[in-house]
Amino acid sequence: MEFRTQPKDMVALTTLGLLSEQPGHPYEIQRLLKERHKAYAVGKTRTLYRAIEELEAAGYIEPIETSREGRRPERTGYRITPEGSEELENWLADLLSTPVDETPVFRVAVGLLGYISQERAETALASRVVSLRARVTALDATLGMAQDDLGLPRLVLLELEHAMALATAEIEWIRSIIADMQTGILVWNDELIRAHFEAMHAADAERRNRHRDHHLAKLLHPARREPAGHTTGEETP
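Keep in mind that this is a model prediction, so the values were computed, not measured.

(A) Expanded view of unusual backbone geometry. Of note, the phi angle at His 37 is positive, near 60°, even though the residue is not glycine. As for its position among the elements, His 37 is in the loop between helix 2 (26-35) and helix 3 (45-57). Classification of His 37 as partly exposed rests on a relative accessible area of 23%.

Listed below in structure tokens is the structure:
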């Protein structure tokens, strides 16, 4: 099975999961996505309909009925097929067992931290901590509402717990980086950065020059090949 991790794939995967509970039409799926707080899929109507088309074409779901309420457009209901149930289980098992490098934006920015001043970096990271704390508070409130008011079981809310855990861990890590900046363990300035990159570029240039000289020497002085059949030492009578 192809390993699919794009946002549109997550909509298709979630659609399979919801249809494994009971048959439904796209409108019901959209309602459940919102009710279950699937933020990556909520409001993406076109993506949802595209996912349904692809799932049907693959034989993972099938239409069961078409209904109409008043003057509203016709609605086609779908149910998961045995092949779809197998695909759902395999797909989920792969995603759970195999870490994927999704290159989050924050990781990219951290890798380029030296390109801005330490003072500005510290201010930006402190602002991120404030935003993350607000996110954790909001997630905790959403989790409580989903469990207490909507009566949703913990099993379908684990992604909220996971998001809270990741945000909390990131807060602690950022705080440790800020502490290292403030205590002098992690420091940089324009002079240090410039010297560092100049040394890197000089070493790279030297390495490329050695490679070029070696290649040129091979072209000017190719290794001599012994004639075919030539042997060294005494000949055997």
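The structure having been displayed, the exposition proceeds.
(B) Examining empty space enclosed by the protein more closely. A complete count under the given rule lists one cavity of 30 Å³ or more for this structure. Of the pockets and cavities examined, the largest cavity occupies roughly 60 Å³. Considering the residues around the largest cavity, the lining is formed by Leu 18, Leu 19, Gln 22, Pro 23, Gly 24, His 25, Glu 28, Ile 29 and Leu 32. Where the lining of the largest cavity is concerned, the elements lending two or more residues are helix 1 (7-21) and helix 2. A total of three residues in the lining of the largest cavity trace back to one element, the largest contributor, which is helix 2. When its residues are assigned to classes, the lining of the largest cavity shows five nonpolar, three polar and one charged.

What counts, and at which threshold
- Note that residues are indexed from 1 along each chain, following the sequence as it is written.
- Two thresholds apply to this predicted model, a pLDDT of at least 70 for residue-level local features and 80 or more for giving and counting side-chain atom pairs, whereas whole-chain, interface and lining totals are computed over all residues.
- Excluded from the side-chain calculations are hydrogens and water; all other atoms, namely the structure's heavy atoms, are used.
- Numbering of helices and strands runs from the N terminus, with a helix taken as a DSSP run of H or I at least four residues long and a strand as a DSSP run of E at least two residues long.
- Note on classification: 1.4 Å probe, protein chains only; a residue is buried when its accessible area is under 20% of the maximum for its type, exposed when over 50%, partly exposed between these limits.
- Cavities and pockets were defined on a 1 Å grid built from protein atoms only: a cavity is a group of points that admits a 1.4 Å probe but offers it no way out, a pocket is an open group of points flanked by protein on both sides within 12 Å along at least five of seven lines, and a lining residue is one with an atom within 4 Å of any such point.
- Grid points are joined across faces, edges and corners, and a volume is the space filled by probe spheres set on the points.
- Charged residues are taken to be Asp, Glu, Lys and Arg, nonpolar residues to be Ala, Val, Leu, Ile, Met, Phe, Trp, Tyr, Cys and Pro, and polar residues to be all remaining types, Gly included.

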